[in-house]
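Summary of structural features
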Number of protein chains: 2
Amino acid sequence: MDMRIKEAVELFQEVLFYGTERVIRSVDNPLWEEFSPEQMQSLKLIGKEGRITSARLAVLQGVHKSAVSNRTKKLLQKELIQVVQTADRREKLLELTDAGKSVLEESDRILAEYLEKLMSEQVDDQEIEQFLVIFRKLSAIMKTDGV
Amino acid sequence: MDMRIKEAVELFQEVLFYGTERVIRSVDNPLWEEFSPEQMQSLKLIGKEGRITSARLAVLQGVHKSAVSNRTKKLLQKELIQVVQTADRREKLLELTDAGKSVLEESDRILAEYLEKLMSEQVDDQEIEQFLVIFRKLSAIMKTDGV
DNA sequence: AATGATAGTTTAGGGGCTAAACCATTTTCC
DNA sequence: GGAAAATGGTTTAGCCCCTAAACTATCATT
């Protein structure tokens, strides 16, 4: 096996599979103690789309509809989202409340602070550029590779 | 806020927080249906250290000891690891069985195949090099930044 | 020998997931 | 127009993971 592939396997697992959880914990964002990553992602997608159905959210998040039902149920209880009824009586459109928007902004702000600090301490300018390039690429791959 | 930081926040979340699960699913490794990422990581660390205590595993994985107890319980039941008793009757050293070693090797082989295919289709040689550089950096950061 | 510390397990409760079952509503077909 | 099929979302059932307290056996200290 190509040594590079072998190394890639190790790094891939270390960073993507096993490192993520550690990063989330080290950011030490109080909001992330109250809202799970799954709930945060739901907020993000709802915010991005403006108004969205549960079905679409399930597709975007790649999970079963009942998982979405459970997530949105909690977000509704926490009043971070609200329902807008459509003509189709079966359907519910979800949108962010002001509180939901605040949570998203605050969460991003804290993560930005964390990254800014991390980057200023451990990464030089050129590496930041490379980081962005590679992550843009990874993001693109994840969106196209049947992922 | 620096636009680059803003972009980094988005990409970071997309790739590390929300993309990982999708990648795991798209690799389509049958072993990963039988063994969770948490169990796989335990196998990996046990394999790397040769013999290891639950306490050390808890530290390396950054989880509570009861989580480790549950993980190793399942791995024992599946006969992927076995216990070696020490002089300290409270303590148990864990080591891989041959079956455990096989699972690790097979899992890595499948992931290597996946990455090789991915890289040959969507990434050029220079990008592979950059990918490795950046991931080495990320891996190093995760090991030192109180992560 | 009694007390405190330690290693690991079990218990309790919270989060997540899949998928079937369920219910109301809409669409399709005859 | 009415019955059957499809659809949107919720609830139920069962499995997984986590944290942390409670618990038990063993070791170390006083």
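Since the structure is predicted, the reported quantities are computational estimates derived from the model, not experimental observations.

Description of the pairing of strand S2 (residues 81–85) of chain A
All names here are of chain A. With 5 bridges connecting them, S2 and strand S3 (residues 92–96) associate as antiparallel partners. Looking at the pairing, Val84 lines up with Leu93 of S3. Counting the residues between successive antiparallel strands, the hairpin from S2 to S3 contains 6 residues.

Observations concerning the interface of chain B and chain A
Every contact between the two is made by 63 residues of chain B and, on the other side, 63 residues of chain A. Between chain B and chain A we count 10 salt bridges in total. Scanning the region where chain B abuts chain A turns up 15 residue pairs in polar contact (both at pLDDT 80 or more). Broken down by secondary-structure element, the contributors of at least two residues to the side of chain B that touches chain A are helix H1 (3–17), helix H2 (20–27), helix H4 (37–49), helix H5 (54–61), helix H7 (98–122) and helix H8 (125–144) of chain B. At 18 residues, the largest contribution of residues to the side of chain B that touches chain A is made by H8 of chain B.

Remarks on the packing of H4 of chain B against helix H6 (residues 65–77) of chain B
Residues and elements named next belong to chain B. Axis separation between H4 and H6 bottoms out at 10 Å; the angle between their running directions is 80°. Taken together, the axes of H4 and H6 are roughly perpendicular relative to one another. Contact with H4, carried on its side by Glu38, Gln39, Gln41, Ser42 and Leu43, involves Arg71, Lys74 and Leu75 of H6 and no other residues of that element. Considering only residue class, the contact of H4 with H6 consists of 2 nonpolar, 3 polar and 3 charged.

Quick notes on the rules
Residues numbered from 1 in each chain as written. Chains lettered and ligands numbered in written order. Predicted model: local features only at pLDDT ≥ 70, side-chain atom pairs only at ≥ 80, totals over all residues. Heavy atoms only, no water. Pairing = 2+ DSSP bridges. Helix = DSSP H or I, 4+ residues; strand = E, 2+ residues; numbered from the N terminus. Contact = heavy atoms within 4.5 Å. Salt bridge = Lys/Arg side-chain N within 4 Å of Asp/Glu carboxyl O. Polar contact = N/O pair within 3.5 Å; in protein donor to acceptor, adjacent residues only side chain to side chain. Axes fitted to C-alpha atoms, helices over the stretch in contact; angles between N-to-C directions. Parallel < 35°, antiparallel > 145°, perpendicular 65-115°, else oblique. Nonpolar A, V, L, I, M, F, W, Y, C, P; charged D, E, K, R; others polar.

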